[in-house]
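Reading the structure
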Amino acid sequence: MVAILILDKTHVEVKESNPHPPRFALEHASSAFLKSTLNYFPLSCVPWEETAKLPISRQYIFAVHPHGIHCFPLGLLSTVGSDFDKKFPGLVGSKLTGLAATVMFKLPVVRELFLCMGYIDASRPVASKCLEVGRSIFVCTGGEEESMFTSTGKDIVVLKKRKGFVRLALSYGADIVPVYGVGNTDLYTTYNFIFLGFRHWLQKTCGIALPIFHGRFGTPLPYKKAVQVLIGKPIRTPKPSVIGERPDPALVDEYHSKYIEALRQLHSKNVKHRVLEIL
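Every value quoted in this text rests on a predicted model; they were computed, and no experiment measured them. (Residues numbered from 1 in each chain as written. Predicted model: local features only at pLDDT ≥ 70, side-chain atom pairs only at ≥ 80, totals over all residues. Heavy atoms only, no water.)

1. So, the overall build of the protein chain
So the rule is basically this: Here a helix means four or more residues in a row that DSSP labels H or I, a strand means two or more in a row labelled E, and each is numbered from the N terminus. Our radius of gyration is a C-alpha quantity, and the globule rule it is checked against amounts to 2.2 Å times the number of residues to the power 0.38. A contact between two residues is defined here by any heavy atoms of the two lying within 4.5 Å. Only the protein chains shown count as cover for residues, and all accessible areas are computed by the Shrake-Rupley method using a 1.4 Å probe. His residues and chain termini do not enter the charge count, which takes Lys and Arg as positive and Asp and Glu as negative. By convention, the charge on Lys lies at NZ, on Arg at CZ, on Asp at CG and on Glu at CD.
When you go through the protein chain residue by residue, the secondary structure sums to 10 helices and 11 strands. Relative to its length of 279 residues, the protein chain is compact, with a C-alpha radius of gyration of 18 Å against a globular reference of 19 Å. Residue pairs in contact within the protein chain that sit at least 24 positions apart in sequence constitute 77% of those at least 6 positions apart. Per element, the accessible surface of the protein chain, about 13,300 Å² overall, is 61% carbon and sulfur. Counting 34 positive and 23 negative side-chain charges, the protein chain places the averaged centre of each group 2 Å from the other.

The structure is reproduced here in structure tokens:
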């Protein structure tokens, strides 16, 4: 097990980045956990319009919000037969790859879960390799920092300084698709006031997020509430003169601003009882 965690490089191989049937005990356990999660509470996909389409001939970067304690909306994008797969066929299982933090591939069982769903490492070189071969990607842009701001009844995303996904999209001419999981922050009771300063320092310094929370019956089991996953209209980006080159910072700022406005509009159109707070 130790040798696998240290030496195995499956998480940086693009060729392995499709969901696949479980092959051994840990993957069977991980797959069963994923299926039970998706069946536990309804995850529905709500496109920007009834006739919405995502042609598989184009490349996309799906930016998913909010992280919450766990980013459950990611399950729709990584599961064959999900509501997203039914409404936008041809992407899941063949053209779409998830990105996850390196640390996720160092944790037994968690590693198998992510590999079984076809995830790869979220580092720029690996993500670039994925786009170079014509695949699309999805990622929770707020990461562990965003999870620290999870608060029941509030919609908070960490985005103002998160420009890596925009830079990547501009490098390869990929469309940027805003995705928002309404209700994902209501699946647990959180206690953000406890040791808040220390926990934020730990996250900033060591990259370790320690949200304090509980779900049903005081356990890590989430409350059984519906989550609506909003899919926004893709933002077209210009084709770069050289595929893979780093875009001009001014262009990155321009499309980052466009993305923030698109996310605000997607949220305000579908969520009437809350205001989206962007940090």
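2. Some details on the side chain of T237
Rules: By the criterion applied in these results, polar contacts are pairs of N or O atoms within 3.5 Å in which, for protein atoms, one can donate a hydrogen and the other can accept it, and in which residues neighboring in sequence qualify only through two side-chain atoms.
Along the polypeptide, T237 turns up in the loop between strand 10 (227-231) and helix 10 (249-270). Here A174 takes part through its backbone oxygen, which lies 2.8 Å from a polar atom of the side chain of T237. The residues touching T237, leaving out its near neighbours within four places in the chain, are A169, L170, G173, A174, D175, I176 and Y255.

3. A look at the sheet that holds strand 2 (residues 60-65)
The following threshold applies: Here the rule is simple: two strands pair whenever DSSP picks up at least two bridges between them.
Here seven strands make up an open sheet; going across it, the order is 1-10-7-2-5-3-4 and the pairing mixed. With partners counted over all chains shown, the strands left at the sheet margins are strand 1 (43-47) and strand 4 (120-121), one partner each. Here strand 7 (residues 175-182) runs beside strand 10; their pairing, made up of four bridges, is antiparallel. Its bridge partner being in strand 10, G181 is matched across the sheet by V229.

4. Concerning the nonpolar core
Cut-off, in case you're wondering: Among the buried residues, those of types Ala, Val, Leu, Ile, Met, Phe, Trp, Tyr and Cys that are joined through side-chain atoms within 4.5 Å form a nonpolar core. For each residue, the accessible area found with a 1.4 Å probe, counting protein chains only, is set against the maximum for its type, and the residue is called buried under 20%, exposed over 50%, and partly exposed in between.
In terms of nonpolar packing, the biggest core is built from 38 residues, with F62, F84, F88 and I231 touching the most fellow members. Filtering out sequence-adjacent residues up to four positions away, F62 remains in contact with L54, L77, F84, L91, L96, I137, F138, V139, V177 and V179. One finds I61, A127, I235 and Y259 within the second-largest nonpolar core, a separate group that totals 34 residues.

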